[in-house]
Every structure is written in C-alpha cells, then in structure tokens.
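Coordinate analysis (summary)
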Amino acid sequence: MASTPTSQPPVKTNRIGLSVMEYKGGKTTLCAGCGHNAISERVIDAMYEMGVQPERVAKFSGIGCSSKSPAYFLSRSHSFNAVHGRMPAVATGAMLANRSLLGIGVTGDGDTASIGLGQFMHLLRRNLPLIYIIENNGVYGLTKGQFSATADLGSKLKTGVINDLPPIDTCAMAIELGATMVGRSFSGDKKQVLTLLKAAIAHNGTVMLDIISPCVTFNDHEGSTKSYKYMKDHDEPLHDVTFVPQFEEINVDYEPGTTTEVTMHDGSRILLRKLEETYDPTNKIEAVKRLMQAHEKGEVLTGLFFIDTKKPNFLEMLHMTDHPLATLPESVTKPPKSALDEVMESLK
Ligand SMILES: Cc1ncc(C[n+]2csc(CCOP(=O)(O)OP(=O)(O)O)c2C)c(N)n1
Ligand code: SF4
Ligand SMILES: [Mg+2]
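Quick look at the structure, then. Given the structure is predicted, the values throughout are model-derived calculations rather than measurements. (Residues numbered from 1 in each chain as written. Chains lettered and ligands numbered in written order. Predicted model: local features only at pLDDT ≥ 70, side-chain atom pairs only at ≥ 80, totals over all residues. Heavy atoms only, no water.)

Before going further, it helps to spend a moment on empty space enclosed by the protein. In total, this model carries one cavity of 30 Å³ or more according to the counting rule given. What the largest cavity holds in volume is close to 40 Å³. Per-class residue counts for the lining of the largest cavity are five nonpolar, two polar and two charged. (1 Å grid on protein atoms, 1.4 Å probe; cavity = no way out; pocket = protein on both sides within 12 Å on 5 of 7 lines; lining within 4 Å. Points joined across faces, edges and corners; volume = space filled by probe spheres on them. Nonpolar A, V, L, I, M, F, W, Y, C, P; charged D, E, K, R; others polar.)

Below is the structure:
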C-alpha cells in the first residue's frame, strides 16, 4: 500500500536562491564554546543574508585556532591557509590577480600582532579590498595559551603569570595606518557582529574587524580581560549599528536627530544610533581619542569606529584594468613583438 507523502516545509532561500546550508563549511574541530565558532556562524549568516555567491568568495588565513576557522564556513568558496603571519601577502596577490573576488581573511591576535605585524601594517596602508577579521583572545590558543601582544597589561594567565607588557590596539593602528572601515565587537554579541560583517561585505576597501573571542580553554578565567565575564561587564557599545543593504527598503524606526547615516559606494546605508554623545565615524582623530579614553577606563569600546567611503582602494591606486587579470587572454597579456621593438627604439 502506498504511504501518504508527508509535506515538508519549503526550504527558505535568499535573494540568489540559495539556502543557508549552502554557506556552511566543515564540522568544527575547535573546542566547544570557543568564541571563534560563534564568529564562523555569523560569517555564514552575513554571506547568506547578503546573497553573496559562495564561489565569488576567497578565504585567507594564517596559522592558529582562529586561522582554522575558514574551514568551518563556505565550503564552496576558494581558500588559502597561508604561513603564520603571512596571510596579508597572499591575500594581496590574490585580490590583485582577480578583482571580481570578495576577499575575507581570518586571523588571530598572535598571527596579526606578533609574527605578522609587518605584513598587517602594509596591508592597512594599501587599503586593499579585503575583510580582515582578528579573532582576538589575547593568547596563542593553538600553542597552549601564551600571552599575545593584544593581552592587557596586568591580565592574568590560568597559571598565575601576569602580563607585564602594554597591549597593541589593532583598531587604533588600523585607523592610523589607512584602513577605511574599522570596528570592534565581541563574539557573544550576535547582532553587532552580524551587522558589522554585512556592512563589511558592502565596503570597498580594507575592513579591519577586531572581534574579542574568548579562548575557553586558556583565557576565560578570573583575571583575564578577554574572558566572557570581563566582556559582559566591560563592553561599552558606542552606538547601535544597523545596516541596510542597497537591495532593501530602509526601516523607519530611527528617530531623526539621534542617528548618523553613512552611505556606502553601492548605495547601502549604515545607520548609527547614538547611545550617548555625538559620534562622527568619519573623524579619525575622534575615533583614536575614544579608543584611548576607553583603555584608560578599562572599558572595551565596541561598534564602528571609523569609515571612509571615498578613499581609493589599492586596485584604484594602481589603475588596474576593470577586467580581472586572472582571466585576461594571452592576446592581451602578451604584447606583440612590434610593441617590444617600439620600446627598444625609444631607448636608443
Ligand atoms: C613560523 C611559525 N612560528 C611559530 C609557529 C607556532 N604557532 C602556531 S599558532 C601560533 C600562535 C597562534 O595564536 P593566534 O594567532 O592568536 O591564534 P589562536 O590560536 O589564539 O586563535 C604560534 C606561535 C608557527 N606555526 N609558525
Ligand atoms: S584552544 Fe582556545 S582558541 Fe583554540 S580552539 Fe580551544 S578555546 Fe578556541
Ligand atoms: Mg589568539
């Protein structure tokens, strides 16, 4: 006897017809509860909600627990797991070779602020179109929890060791050196991380997002300033961030006079609702000042600190052809002999 077919609810899809499952990656091998896993989940949500074609994404990373994260989202995308601290060079080459890609780099505080600091600084100067995420736990998680260069002065390891060096603030550094979208969040703040990531996808330059991401195995105890508890107690959001992609209608629950609006190059909009005093995210000096003030008070300021939607990115600075170099035919990339003869003639 034929059984009656049970009706399945239709699978929800995004504006390009893909379900969220098509944005997933492999099963995580990180510790249960690691902040990095929450960030991978938000990357999946952001790419799905923005309707990004997974095959258009190129993922880059260095070495560390954080740098394993790209394996756990977007299996259908391109991926390159580089050497420790060397992800920026690899990403720069790839993005120059194929400008049609959406680049996302995932790195750790050790990968970025110790061995990779030189590469990181030059990436920022170039304003390469790339979303650069630091999964910041204040320790080298993969090598068993030594302090990294973002650990706060006086914070304590489980073993009782106290950090006696001042931290590097990667956001202040990114603002000063030339990144054109800079923010900080906390892996436990789903809404803020998701909003910043969606805005990052719409941005056309270097986006530097420092996401505090507690290491539950080595740095989530009393005395750590990168623990869930410390973040819950000291997170100071600068504003409520809302992102409206260019393909969506603006929602109108924002009262005029309490909101700053930033229009992105593609027409998408970022809305910042003030929680306190007037904050202008296009003012570099104010952004750095607010970060320094927060440090003095022991607060962790979160939100969108700085954005510049006008500065040319690295591809524009180099006057690159609109056509991706990787797909140019040989007839274009290899000039005829007459062109060489002309150059030789001009040198006589
Ligand atoms: C050239 C080189 N030096 C040192 C190491 C050892 N090493 C691997 S990961 C790592 C630090 C990882 O810390 P972080 O980038 O903060 O990532 P996390 O594991 O905390 O997410 C170190 C020192 C290495 N793999 N390669
Ligand atoms: S050691 Fe720390 S950083 Fe690494 S996976 Fe475990 S919790 Fe995450
Ligand atoms: Mg780390």
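Let's pick the thread back up.
What follows is about the pattern of salt bridges. Applying the stated rule across the entire model yields 14 salt bridges. Note that E55 and R76 form a salt bridge whose closest N and O atoms lie 2.8 Å from each other. Of the two residues, E55 sits in the loop between helix 1 (35-50) and strand 1 (57-61) while R76 sits in the loop between helix 2 (65-68) and strand 2 (78-81), which places them 21 residues apart along the sequence. Residue classification places E55 among the partly exposed residues on the basis of a relative accessible area of 34%. When its relative accessible area of 35% is taken as the criterion, R76 is described as partly exposed. A salt bridge links E299 to K297; the shortest N-O distance between them is 4.0 Å. Taking relative accessible area as the criterion, E299 reaches 24% and is therefore assigned partly exposed. The exposure class of K297 is exposed, given its relative accessible area of 60%. One salt-bridge network, in which partners are shared between bridges, spans E22, E55 and R76. (Salt bridge = Lys/Arg side-chain N within 4 Å of Asp/Glu carboxyl O. Helix = DSSP H or I, 4+ residues; strand = E, 2+ residues; numbered from the N terminus. Buried < 20%, exposed > 50% of the residue type's maximum accessible area, 1.4 Å probe, protein only.)

Right, let's talk about the side chain of H239 for a bit. Examined against the element boundaries, H239 turns out to sit in strand 10 (residues 239-244). Separated by 3.0 Å, the side chain of H239 and the backbone nitrogen of L304 make a polar contact. Apart from the residues within four sequence positions on either side, H239 is in contact with L272, R273, K274, L275, Y279, G303 and L304. (Polar contact = N/O pair within 3.5 Å; in protein donor to acceptor, adjacent residues only side chain to side chain. Contact = heavy atoms within 4.5 Å.)

For the magnesium ion (ligand 3), the protein coordination sphere consists of D109 (OD), N137 (OD1) and V139 (O), at 2.1 to 2.2 Å. Donor residues for the magnesium ion (ligand 3) sit on one chain with the sequence pattern D-x27-N-x1-V. With D109 in helix 4 (residues 109-115) and V139 in strand 5 (residues 139-140), the pair connects residues that are 30 residues apart, well separated along the chain. (Donors = N, O, S within 2.8 Å, 3.2 Å for Na, K, Ca; no water.)

What follows concerns the site of ligand 1. Close to ligand 1 lie 17 residues; C65, S66, G110, D111 and G141 are nearest. C65 places a main-chain nitrogen or oxygen 2.8 Å from an oxygen atom of ligand 1. S66 places a side-chain nitrogen or oxygen 2.7 Å from an oxygen atom of ligand 1. When the free accessible area of ligand 1 is taken as 590 Å², the share hidden by the protein chains comes to 75%. At the level of elements, helix 2, helix 4 and strand 5 are the ones that each hand at least two residues to the shell around ligand 1. Counting residues per element, the shell around ligand 1 draws most heavily on helix 4, at four residues. When the residues that make up the shell around ligand 1 are grouped by side-chain class, the tally is six nonpolar, nine polar and two charged. (Near = heavy atom within 4 Å. Areas by Shrake-Rupley, 256 points an atom, 1.4 Å probe, with all protein chains shown as cover.)

This next bit is on a nonpolar patch on the surface. Together, L340, V343, M344 and L347 give the surface a local cluster of nonpolar side chains, amounting to about 410 Å² of exposed area. Among the structural elements, L347 can be located in the segment after helix 12 (337-346). (Patch = residues over 30% accessible without salt bridge, like charges linked within 9 Å, V, L, I, M, F, W, Y side chains within 5 Å.)

It is worth spelling out helix 6 (residues 170-177) at this point. The periodicity of an α-helix, 3.6 residues per turn, causes residues three or four positions apart to be oriented the same way. Among the eight residues of helix 6, six are classified as buried, and the element is accordingly described as predominantly covered. For helix 6, every residue scored as buried is listed here: T170, C171, A172, M173, A174 and I175. With a side-chain oxygen lying 2.8 Å from the backbone nitrogen of C171, the N-terminal cap of helix 6 falls on D169. Downstream of helix 6 by a residue or two, G178 has a phi angle that is positive, lying close to 130°.

What follows deals with the layout of surface pockets. Sizing a probe to match a water molecule and rolling it over the atoms shows the empty space that remains. Taken as a whole, the largest pocket spans an internal volume of roughly 500 Å³. Along the wall of the largest pocket there are 28 residues; nearest its centre are R56, L102, I201, H203 and H265. Sorting the residues of the lining of the largest pocket by element identifies strand 3 (102-108), strand 4 (130-136), helix 7 (190-202) and helix 10 (314-317) as the ones contributing at least two each. Sorting elements by how many residues they give to the lining of the largest pocket places helix 7 first, with three residues. Here the lining of the largest pocket is composed, by residue class, of 13 nonpolar, 10 polar and five charged. In this model, the second largest pocket occupies a volume close to 260 Å³. For the second largest pocket, the lining is made up of 19 residues, of which D152, K226, H295, E299 and V300 are closest to its centre. Secondary structure elements with two or more residues in the lining of the second largest pocket: strand 8 (206-212), helix 9 (284-297) and strand 13 (300-307). Here the lining of the second largest pocket gets three residues from one element, more than from any other, and that element is helix 9. Looking at the lining of the second largest pocket residue by residue, the class counts come to eight nonpolar, five polar and six charged.

Just distances and angles here, no functional claims.
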